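# A structural walkthrough
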Amino acid sequence: PIDATPGPPASPDAAKSRRLFAIANGRVDDYWNKTSKGMVRGGGSESPEDSLLMRADSLLNLKKYNHAIALLEKMQPESIALKRLAFARYKLGQHAQAIKIYEKYASLTLTPIPEEEHDWVLCLYYLADWPNHEKDFHLRMRKMLSDPNHGYHDKAKALEREMR
């Protein structure tokens, strides 16, 4: 399948924006591929929301982002569907929307996802929307880099090296 993710919007420093977008996009895909494996559920009796989530997960894995969005938007506005909705918007190049949705998801206490994971995902989403969220990106990076015990400290160090 072809990756339908559009590039970053034009900016005064388009070459830098394209390079940073490529770095972010590869890492978002890696993150999604690792975390989505445990998200598709099945077997047993599912609630209507679980059924929609399973269908949305299948559509996301097939890169049918618009179809997944249509399903996810039918769900409760404050549910775990927000993580998937943010990813689908991200993959369609709607980075500002993806950031807004993921920030809302991160503010909810729906899942046992540690704040450290939210730092990493938002950092990548901010990087993809460079330079619009450059300040937010640097704040998250500084947080991860300044704490050697942060769960994403090493990944942040590697990202910082790659950006040079």
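Scroll up for the structure.
Structural notes, computed from the coordinates. Residues take numbers from 1 onward in each chain, read along the sequence in its written order. Where totals are concerned, whole chains, interfaces and linings use all residues; where local detail is concerned, this predicted model gives features only for residues with pLDDT of at least 70, and gives and counts side-chain atom pairs only at 80 or more. For the side-chain quantities, the full set of heavy atoms in the structure was used; hydrogens and water were omitted.

## Quick look at helix α7 (residues 134-146)
- In this text, helices come from DSSP runs of H or I with a minimum length of four residues, and strands from runs of E with a minimum of two, each type numbered from the N-terminal end. For a helix, the expected span equals 1.5 Å multiplied by the number of residues minus one. Given a rise of 1.5 Å per residue, 13 residues ought to cover 18 Å, and the 18 Å separating the end C-alpha atoms of α7 matches this to within 8%.
- The set of residues buried in α7 consists of F137, M141 and M144. All buried residues of α7 lie within an arc of 65° about the axis, which places them on one face of the element. Turned more than 90 degrees off the buried face of α7, the exposed positions are K135, R142 and S146. Accessible area is worked out with a 1.4 Å probe on protein chains only. A residue is then buried under 20% of its type maximum, exposed over 50%, and partly exposed in between. Our arc is simply the arc of the directions from the helix axis toward the C-beta atoms.

## Here we look at the environment of K100
- Residue position: K100 is located in helix α5 (residues 95-107).
- Sequence separation between K100 and A86 is 14 residues, and the spatial gap between their C-alpha atoms is 8.0 Å.

## Things to note about the packing of helix α4 (residues 81-91) against α5
- With their axes 8 Å apart at the nearest point, α4 and α5 run at an angle of 165° to one another. Here α5 runs roughly antiparallel to α4, going by the angle between their axes. The two elements α4 and α5 meet at a crossing, and its hand is left-handed. Contacts between α4 and α5 involve L82, K83, L85, A86, R89 and Y90 on the former and, on the latter, H95, Q97, A98, I101, Y102, K104 and Y105. For helices, the fitted axis covers only the stretch in contact; all axes are lines through C-alpha atoms, and the angles between them, taken along N-to-C directions, range from 0 to 180 degrees. In this scheme, roughly parallel covers angles under 35 degrees and roughly antiparallel covers those over 145, while 65 to 115 is roughly perpendicular and the rest are oblique. Put simply, a crossing is left-handed when the front helix is turned counterclockwise from the back one by less than a right angle, and right-handed when it is turned clockwise. Whether two residues are in contact is decided by their heavy atoms, any of which lying within 4.5 Å being enough.

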